[in-house]
Amino acid sequence: MNSSINARHPSEGTHLSLTVGGMTCASCVGRVERALNKVPGVTGASINLASERAEIAFAGAPDVAAAIAAVHKAGYEVAEDRIELSVAGMTCASCVGRVERALGKVPGVTAASVNLASERARVQVLRGVPPAALIAAIERAGYEAKPVAAAGDLLDAEEARRGAELASLRRDLSLAAALTLPVFLLEMGAHLIPALHHLILATLGQQANWIVQGVLTTAVLFGPGLRFFQKGIPALLRGAPDMNSLVAVGTSAAWLFSLVATVAPGLLPAGTVHVYYEAAAVIVTLILLGRFLEARAKGRTSEAIKRLIGLQAKTARVRRDGQLQEVAIDTVRSGDEVEVRPGERVPVDGEVIAGESFVDESMITGEPVPVEKTPGAGVVGGTINQHGALTLRATRIGGDTVLAQIIRMVEQAQGAKLPIQALVDRVTLWFVPAVMLAALLTFAAWMVFGPQPALTFALVNAVAVLIVACPCAMGLATPTSIMVGTGRAAELGMLFRQGEALQLLKDAKVVALDKTGTLTRGKPELTDLILAEGFERGIVLAKVAAVEDKSEHPIARAIVAAAQAENLALGQLENFASVTGYGVRATVDGTRVEIGADRFMAQLGLDVTVFANEAQRLGDEAKTPLYAALDGRPAAMLAVADPLKDGTPAAIRALHALGLKVAMITGDNRRTAEAIARQLGIDEVVAEVLPDGKVATVQRLKAEYGRLAYVGDGINDAPALAAADVGLAIGSGTDIAIEAADVVLMSGDLRGVPTAIALSRATLGNIRQNLFWAFAYNTALIPLAAGLLYPVNGMLLSPILAAGAMALSSVFVLGNALRLKRFRPAARA
């Protein structure tokens, strides 16, 4: 299926060209044409079956969404691509709304999401829309954009850009502070220290003092502060004011008033001649300080991605033409033999073909215990080889490696926009224009109703309103918490594939779990070997395993695997025979061995009542015991089952501690399922269900309890994972289950589920704290800056204090979000 678009800008024409996939004959063509001609505004549509192209003419601007919907309704498809752009120049939430609106107007764009904290725009487009069209739209809105490179290539460029921005801010802040300090001392110092006031009057004089302040303040505004005018004034002229506009208007108003008072005081009403140079200079300096601290903190929010990218090896030691060559990682080919020495980072995903070692996989799974690797085992690029040398065959390279996929998942989750953000976006889009209106009303109210000198009061309070109301904190409140929260999750081995899952997971009321591979290890193991008096474990297990080695039955393979794990020699087998319905017998190194159920022992005339108590226990655990006899004597009772994972009991306890209901949905038999549920304290069991039955059960539990999270690992879990409000896949499971899930637990440890829920709650709590601070700050300080309390207690908010409070609000929000980096999972008992 192919699809593309070629759409002109509305001002250049009203023509849309789509490539439609799925058409096979002339009747398909007619169906699509009829569907498109019914779209309001379409004046004509023609389809070319050979090129699969639909040419659509509109009376007005192309309605891309309606055209796509018509094609889909007719039963055909239009492919979409996702384009990611880096956007520079955004400073507040209103910038975000402006960029999103600009992108939304580009023909072929179906959705656009912009993240202030990561400075990224993620755009969903019809295939064929060139990135250049999106970049042009962003530039028309007054910002800069460029395509995002691959993660590895991006790191250096992103670091360089952020470093340059930080250096520029540091330089401008230092210069502004050096120029502002004399202004502050000449004006405020004279007010605070009478002796200094007299000294200034005696040496400089009033007029010279104001001229010196004016020169220095002009240097501040049009030197370090020029950035606010360069961005703020064009935005104001476009009718789309932003935070820079607020600063530019506020400081220039104070500066111009002071300039008139200095050089042409006769133009001002009597009693209003005063200068506010120090306010304009200090405001610029404080806002630059806030920007500098904000830039430093924003760099820290993406540290998780930087660390992940840093885990990628730069070179690999590859055997080619019989020689070892150290080559750049991007030149490694699938199938290459790669050698990894002790202590080195594994360069690519591969399969061990020679050597033995232990590999630290904590960067992938979050588990600190190294994993043994022998020939045939898989290894993941970015993990650290411990003591042995390994030779691998490369199986996944470049963007296909597990680490590259993890980086993509984390980036997507960090750039996501949660449902809670929609309200913030609607409010902040109109916030800056509303602030400018509030400043005008403040100015007018003080001019009409204020005491003398009314002009002075009107100017000071209007400037305070403009400066205090910056919406930076609002714009940063949600994305910074998402970035830090999802980054911390990745460090703990939990990948949020969908950012929305971060919000939905905190509201889960019930957690439904698959059994096999999720609660249990997913394959039969020898769980019990109870010996009769006078027998040794090693001897019995070796002889039983020698007999069972003739069978491919899962129970037999589990017994053999247990013997091999203990390095037992299996012995010489003779006279093997299967007794249908009862068991097997053979001779091993001269010893007669018989293995089977209790009825086989009874047939042989052997009394197994010595195992009665243990047999009862195994029955309660839904395990079926087997008995082994050596030379006609009962020697042991064995049980094979799919054992619980080590962390499963602690995980269930942790879920209950979070106040959640726990259900188990399994295709296994009811007796086994209920035994496991009793052992773990699971609240509800649904057994013997097929995959479609799992979906029906998920829907029933959602209706009964509320929001549901489903945890599974198999292909048969994929429908249920998709049907749940949030699907969590065990990372050791199948690719299909992982693709269907919203969250991937890379370690395969079920204790990641309560940790993910706890982190979701912590992140959303952090977002609520940030939003409360941002909105409460503006709600409280705008009226205060306007002078609402002046009639009550004579209190006014100085523009300088307003600038300091504004800078503090953004730094507070970022600092609060960074607290999530300290999130710790509950103790793993």
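Conventions and cut-offs
- Residues numbered from 1 in each chain as written.
- Predicted model: local features only at pLDDT ≥ 70, side-chain atom pairs only at ≥ 80, totals over all residues.
- Heavy atoms only, no water.
- Helix = DSSP H or I, 4+ residues; strand = E, 2+ residues; numbered from the N terminus.
- Buried < 20%, exposed > 50% of the residue type's maximum accessible area, 1.4 Å probe, protein only.
- Contact = heavy atoms within 4.5 Å.
- Areas by Shrake-Rupley, 256 points an atom, 1.4 Å probe, with all protein chains shown as cover.
- Pairing = 2+ DSSP bridges.
- Patch = residues over 30% accessible without salt bridge, like charges linked within 9 Å, V, L, I, M, F, W, Y side chains within 5 Å.
- Salt bridge = Lys/Arg side-chain N within 4 Å of Asp/Glu carboxyl O.
- Axes fitted to C-alpha atoms, helices over the stretch in contact; angles between N-to-C directions.
- Parallel < 35°, antiparallel > 145°, perpendicular 65-115°, else oblique.
- Left-handed = near helix turned anticlockwise from the far one by under 90°.
- Nonpolar A, V, L, I, M, F, W, Y, C, P; charged D, E, K, R; others polar.
- Expected span 1.5 Å × (residues − 1).
- pLDDT = per-residue confidence, 0-100.
- Polar contact = N/O pair within 3.5 Å; in protein donor to acceptor, adjacent residues only side chain to side chain.

Peer 1: Quick question: what am I supposed to make of the overall build of the protein here?
Peer 2: The secondary structure content of the protein amounts to 31 helices and 30 strands. Taken over 829 residues, the protein has a buried fraction of 53%. Sequence separation of at least 24 residues holds for 68% of the intrachain contacts in the protein that already meet a minimum separation of 6. Here the protein displays about 35,100 Å² of accessible surface, and carbon together with sulfur accounts for 57% of that area.

Peer 1: Can you walk me through the sheet that holds strand S12 (residues 349–354) in this structure?
Peer 2: Within a sheet, each strand pairs with its neighbour through backbone hydrogen bonds, oriented either parallel or antiparallel. Here we have six strands laid out as an open sheet, ordered S10-S9-S11-S17-S12-S15, and antiparallel in their pairing. Here the strands that pair on one side only, and so sit at the sheet edges, are strand S10 (323–328) and strand S15 (378–379). The sheet contact formed by strand S9 (residues 315–320) and strand S11 (residues 337–340) spans three bridges and is antiparallel. Bridge pairing in S11 links valine 318 to valine 338.

Peer 1: Would you mind going over the sheet that holds strand S16 (residues 384–385) with me for this structure?
Peer 2: Taken in spatial order, the three strands make up an open sheet running S14-S13-S16, and their pairing is antiparallel. Taken across any chain shown, the strands that pair with only one partner, and hence form the sheet edges, are strand S14 (371–373) and S16. Looking at chain direction, strand S13 (residues 357–360) and S14 are connected through three bridges and run antiparallel. Within S14, the residue paired with phenylalanine 358 across the bridge is glutamate 372.

Peer 1: Is there a simple way to explain a nonpolar patch on the surface in this structure?
Peer 2: On the surface, Leu181, Phe184 and Leu185 cluster together to form a nonpolar patch covering roughly 260 Å² of accessible area. The class for leucine 185 is partly exposed, based on a relative accessible area of 44%.

Peer 1: Explain the packing of helix H15 (residues 431–449) against helix H16 (residues 454–468) to me, please; I cannot follow it from the model alone.
Peer 2: If you want to describe how two helices pack, look at the angle between their axes and the distance between the axes. With their axes 8 Å apart at the nearest point, H15 and H16 run at an angle of 165° to one another. With respect to each other, H15 and H16 are oriented roughly antiparallel. The interaxial crossing formed by H15 with H16 has right-handed handedness. Listed contacts from H16 to Val435, Met436, Ala438, Ala439, Thr442, Phe443, Trp446 and Met447 of H15 are Ala454, Leu455, Phe457, Ala458, Leu459, Asn461, Ala462, Val465 and Leu466. Classifying every residue of the contact of H15 with H16 gives 15 nonpolar, two polar and no charged.

Peer 1: Help me out: how do you make sense of the pattern of salt bridges in this one?
Peer 2: Any two side chains of opposite charge can pair, on the condition that their charged atoms come close. Applying the stated criterion to the full structure yields 23 salt bridges. Linking arginine 122 and glutamate 84 is a salt bridge whose minimum nitrogen-to-oxygen distance equals 3.7 Å. Placement of the pair is arginine 122 in strand S7 (residues 120–126) and glutamate 84 in strand S5 (residues 80–88), with a sequence separation of 38 residues. Using a relative accessible area of 13% as the deciding quantity, one classes arginine 122 as buried. The exposure class of glutamate 84 is partly exposed, given its relative accessible area of 21%. The salt bridge partner of glutamate 339 is arginine 319, with a shortest N-O separation of 2.9 Å. A residue pair is termed long-range when its members are at least 10 positions apart, and glutamate 339 in strand S11 and arginine 319 in strand S9 qualify at 20 residues. Judged by relative accessible area, which is 23%, glutamate 339 ranks as partly exposed. One salt-bridge network, in which partners are shared between bridges, spans Glu84, Arg120 and Arg122.

Peer 1: In this structure, what is going on with helix H29 (residues 752–786)? I would like to understand it.
Peer 2: The periodicity of an α-helix, 3.6 residues per turn, causes residues three or four positions apart to be oriented the same way. Taking 1.5 Å per residue, 35 residues should reach 51 Å; H29 reaches 50 Å between its end C-alpha atoms and fits that length. Once H29 finishes, glycine 787 follows within two positions and takes phi at roughly 95°, a positive value.

Peer 1: Honestly, the confidence of the model for the protein in this entry has me stumped. Any pointers?
Peer 2: Reading fine detail from the predicted coordinates is not recommended where pLDDT is low. With 83% of its residues at a pLDDT of 70 or more, the protein has an overall mean of 79. The spread of mean pLDDT over the elements of the protein runs between strand S1 (residues 5–7), the lowest at 38, and strand S19 (residues 510–513), the highest at 93. The model gives residues 1–13 a pLDDT under 50, and that stretch makes 41 contacts with residues more than four places away or in other chains. Across residues 150–154 the pLDDT falls below 50, and counting only partners more than four positions away or on other chains, this stretch makes nine contacts in the model.

Peer 1: Explain the packing of H16 against H29 here, please?
Peer 2: At their nearest, the axes of H16 and H29 sit 8 Å apart, and the two run at 165° to each other. It follows from the interaxial angle that H16 and H29 lie roughly antiparallel. Crossing handedness for the pair H16 and H29: right-handed. Contacts from Asn461, Ala464, Val465 and Val468 in H16 reach Tyr777, Asn778, Leu781, Ile782, Ala785 and Ala786 in H29. Each residue belonging to the contact of H16 with H29 can be placed in one class, and the counts come to eight nonpolar, two polar and no charged.

Peer 1: What is the right way to look at the side chain of arginine 317 in this model?
Peer 2: Topologically, arginine 317 is positioned in strand S9. The exposure class of arginine 317 is buried, given its relative accessible area of 12%. In terms of polar contacts, arginine 317 uses its side chain to reach the side chain of glutamate 344, at 2.7 Å. When near neighbours in sequence (up to four residues on either side) are disregarded, arginine 317 contacts Leu324, Gln325, Glu326, Glu337, Val338, Glu339, Arg341 and Glu344.

Peer 1: Where do I start with helix H20 (residues 537–548) in this structure?
Peer 2: For H20, spanning twelve residues, the distance from its first C-alpha to its last is 16 Å, which sits close to the expected 16 Å at 1.5 Å a residue. Burial analysis of H20 places nine of its twelve residues in the buried class, the great majority of the element. Burial in H20 covers these residues: Val540, Leu541, Ala542, Lys543, Val544, Ala545, Ala546, Val547 and Glu548.

Peer 1: How should I be thinking about the pairing of S9 in this particular structure?
Peer 2: On a regular strand, each side chain points to the face opposite its neighbour's, so the side chains alternate between the two faces of the sheet. The pairing of S9 with S10 spans six bridges and is classified as antiparallel. When the sheet's bridge partners are listed, valine 318 is paired in S10 with glutamine 325.

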